[in-house]
Amino acid sequence: MAQNGLASRLYNGEAGLNVVGRRKLWFGVAGVLILIALLSIGLRGFSLGIEFAGGNSFQVPASVGTLADAEREVNSALAAENTGIEVATAQKVGGTGGDTYELRTPQLSVEQTNAVKGQIAEDLGINADQISGNQVSEAWGSQVTSRALLGLVIFIALVMVYLILRFEWRMAVAAVASLFTNLILTAGIYSLVGFEVTPSTIIGFLTILGFALYDVVVVFDKVQENTRGITANNNQTYGEAANLAVNQSLMRSLNTSVVALLPVGGLLFIGAGLLGAGTLKDLGLVLFVGMAVAFLTSILVATPLLALLKNYDPRIQAHNKRVLARRGALARGEVTGKGAVSPAPADATDEPLDPDAAALAGAAPKVGARPAGKRPTGARGGRPGGGGNRPGGAKRR
């Protein structure tokens, strides 16, 4: 019979991807990316929009020509008034009164603003009242930033409380670490590429936190299901059970991410790119980048970090030693698959066990295989006891 394809095995949770076992690789890659992101944020900084850096915006009717024509005329007016600045950003904005072009510049005085506005109207051959000009102070952006940081702190605190009550503190730590990784990498991409940071960007950052948390909770729920009562048998280490949960929930996380990215991609590439709706670009961009990064961090960072933290639990350490000791005895032929194995010696190391060591100790169960239950012993399920009505048994007098 032909083997199932990768898509089918992913759907059935039988792909056998060793995600948790290769946690050192994922942590190393994540660490390098985080370092690059932090260096970029510290050295390059962000390209701040007018709301954060302060400045002026001029809106002219789209009927004057193309966006490039409007930008050229505004730059000409700025040069004519000896302002020494140029248009920073230009975008098309839709409104009830028709489409307009919004052109933003660095900070101008009130006199310069009125003079530039009149010069633009003269150059374009339109009335001055058809051009609207706004001045934004950087203090407004500072208020938005402080409110966003306060919202982030409250969100993280509530997430920690929820995850501790719903799961345990180790899962809460792993989930929050994954969220911070997502935020740092997304911010680093913005800094490296030079995407403009606007209030819509801040809203998008807070939005992707909820999406990333949902993805992590889905995986952790499956981990909890697979590891419930794991110390009652000697078939799987905690890392193997967690890795099985990742494989079983991988397709669901992938489907969720793709379904979420499709409308966001349409918003970004069609709405902002093809239709020129510049106001959609800021929100669509941060959502697209953040959701894509959230999928990767929830799989490659959260669960491997959880397995690492759990391996420091003395109860899980003892369980992992029993599993490896049993497999070692099976590999040496000292016992059969039904036999019992004494626990690891008392002088065994107390360091947390690496899930990769399970494969070296014996025949580890394949990813996708569930732990086999113990066969009952005694008169009901196992080998019949002596006496009774068994043929050849001793008769009672």
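In this text the structure is predicted, and so the values were computed from the model without any measurement.

Analysis parameters
- Residues numbered from 1 in each chain as written.
- Predicted model: local features only at pLDDT ≥ 70, side-chain atom pairs only at ≥ 80, totals over all residues.
- Heavy atoms only, no water.
- Axes fitted to C-alpha atoms, helices over the stretch in contact; angles between N-to-C directions.
- Helix = DSSP H or I, 4+ residues; strand = E, 2+ residues; numbered from the N terminus.
- Parallel < 35°, antiparallel > 145°, perpendicular 65-115°, else oblique.
- Left-handed = near helix turned anticlockwise from the far one by under 90°.
- Contact = heavy atoms within 4.5 Å.
- Nonpolar A, V, L, I, M, F, W, Y, C, P; charged D, E, K, R; others polar.
- Pairing = 2+ DSSP bridges.
- Phe/Tyr/Trp six-rings, centres within 6.5 Å; stacked < 30°, edge-to-face > 60°.
- Salt bridge = Lys/Arg side-chain N within 4 Å of Asp/Glu carboxyl O.
- Buried < 20%, exposed > 50% of the residue type's maximum accessible area, 1.4 Å probe, protein only.
- pLDDT = per-residue confidence, 0-100.
- Patch = residues over 30% accessible without salt bridge, like charges linked within 9 Å, V, L, I, M, F, W, Y side chains within 5 Å.
- Areas by Shrake-Rupley, 256 points an atom, 1.4 Å probe, with all protein chains shown as cover.
- Core = buried A, V, L, I, M, F, W, Y, C linked by side-chain atoms within 4.5 Å.
- Expected span 1.5 Å × (residues − 1).

Topic: the packing of helix α4 (residues 67–80) against helix α5 (residues 110–124)
Running from N to C, α4 and α5 cross one another at 130°; their axes reach a closest spacing of 9 Å. Relative to α5, the element α4 is oriented oblique. Crossing hand, α4 versus α5: right-handed. Contacts between α4 and α5 involve E73, V74, S76, A77, L78 and A80 from the first element and V116, Q119, I120, D123 and L124 from the second. In terms of residue class, the contact of α4 with α5 is made up of seven nonpolar, two polar and two charged.

Remarks on the sheet that holds strand β3 (residues 89–93)
The strands making up a sheet associate through hydrogen bonds between their backbones, and the pairing can be parallel or antiparallel. Judged by pairing direction, the sheet is antiparallel, and its four strands sit side by side in the order β3-β4-β2-β5 without closing on themselves. Unpaired on one side and paired on the other, β3 and β5 (132–136) mark the two borders of the sheet. Averaged over all neighbouring strand pairs, the angle between strand axes comes to 20°, with direction disregarded. Strand direction decides the pairing type here: strand β2 (residues 55–61) and β5, joined by five bridges, are antiparallel. The partner of G55 across the bridge, within β5, is V136. Together, β2 and β5 form the strand contacts of α5, whose direction differs from that of β2 by roughly 20°.

Details of the packing of aromatic side chains
One pass over the full model with this rule turns up three aromatic pairs. With a centroid separation of 5.2 Å and an interplanar angle of 80°, the aromatic rings of Y190 and F195 are classed as edge-to-face. Through successive ring pairs, a cluster of aromatic residues spans Y190, F195 and F205.

Section: the pattern of salt bridges
Tallied over the entire structure, the rule returns seven salt bridges. Salt-bridge contacts for R72 lead to D69; the nearest nitrogen and oxygen are separated by 2.8 Å. Taken together, the positions of R72 and D69, both in helix α4 and three residues apart, correspond to about one turn of that helix. The exposure class assigned to R72 is partly exposed, which follows from its relative accessible area of 48%. One salt bridge connects E168 with K310, and the closest N-O pair in it is separated by 3.2 Å. Taken together, the residues span a long stretch of sequence, with E168 in the loop between α6 (138–166) and α7 (169–193) and K310 in helix α10 (residues 279–310) at a distance of 142 residues. It is possible to trace a salt-bridge network through shared partners that takes in E168, R170 and K310.

Considering the pairing of β2
With six of seven residues buried, β2 is to be regarded as a mostly interior element. Note that β2 and strand β4 (residues 100–105) share six bridges and pair antiparallel. Paired with S57 across the bridge in β4 is R104.

So, the confidence of the model for the protein chain
Looking at the protein chain, the pLDDT average stands at 78 and 77% of residues meet or exceed 70. Confidence scores differ between elements of the protein chain, with helix α12 (residues 356–361) showing the lowest mean pLDDT of 42 and helix α2 (residues 23–43) the highest of 94. The low-confidence segment residues 355–397 (pLDDT under 50) makes 52 contacts with residues lying over four places distant or belonging to another chain.

Digging into the pairing of β4
Of all six residues that make up β4, five are buried, and the element is covered over most of its length. Where β3 and β4 come together, five bridges link them in antiparallel fashion. Within β4, the residue paired with A90 across the bridge is L103.

Structural notes on a nonpolar patch on the surface
A cluster of nonpolar residues, L25, V29, V32, L33, I36, L192 and V193, forms a patch on the protein surface that exposes about 590 Å² of accessible area. Listed by contribution, the elements that provide at least two residues to the nonpolar patch are α2 and α7. The element best represented in the nonpolar patch is α2, accounting for five residues.

Some words on the nonpolar core
By size, the foremost hydrophobic cluster in this structure holds 56 residues, and its most contacted members are L163, F220 and V223. Secondary structure elements with two or more residues in this core: α6, α7, α8 (199–227), α9 (238–274) and α10. At 13 residues, α10 tops the list of elements feeding residues into this core. Those residues within four positions of L163 in sequence are excluded, and the remaining contacts are E168, M171, A172, A175, L213 and V217. By size, the runner-up hydrophobic cluster in this structure holds 18 residues, among which are V60, L78, I85 and I126.

Structural notes on helix α11 (residues 314–332)
Helix length check: α11 (19 residues) gives 27 Å between terminal C-alpha atoms against 27 Å at 1.5 Å per residue, within 8%. Within α11 the residues assigned to the buried category are I316, Q317, H319, N320, K321, V323, L324, R326, R327, G328 and A329. A positive phi of about 75° marks G333, the residue just after α11.

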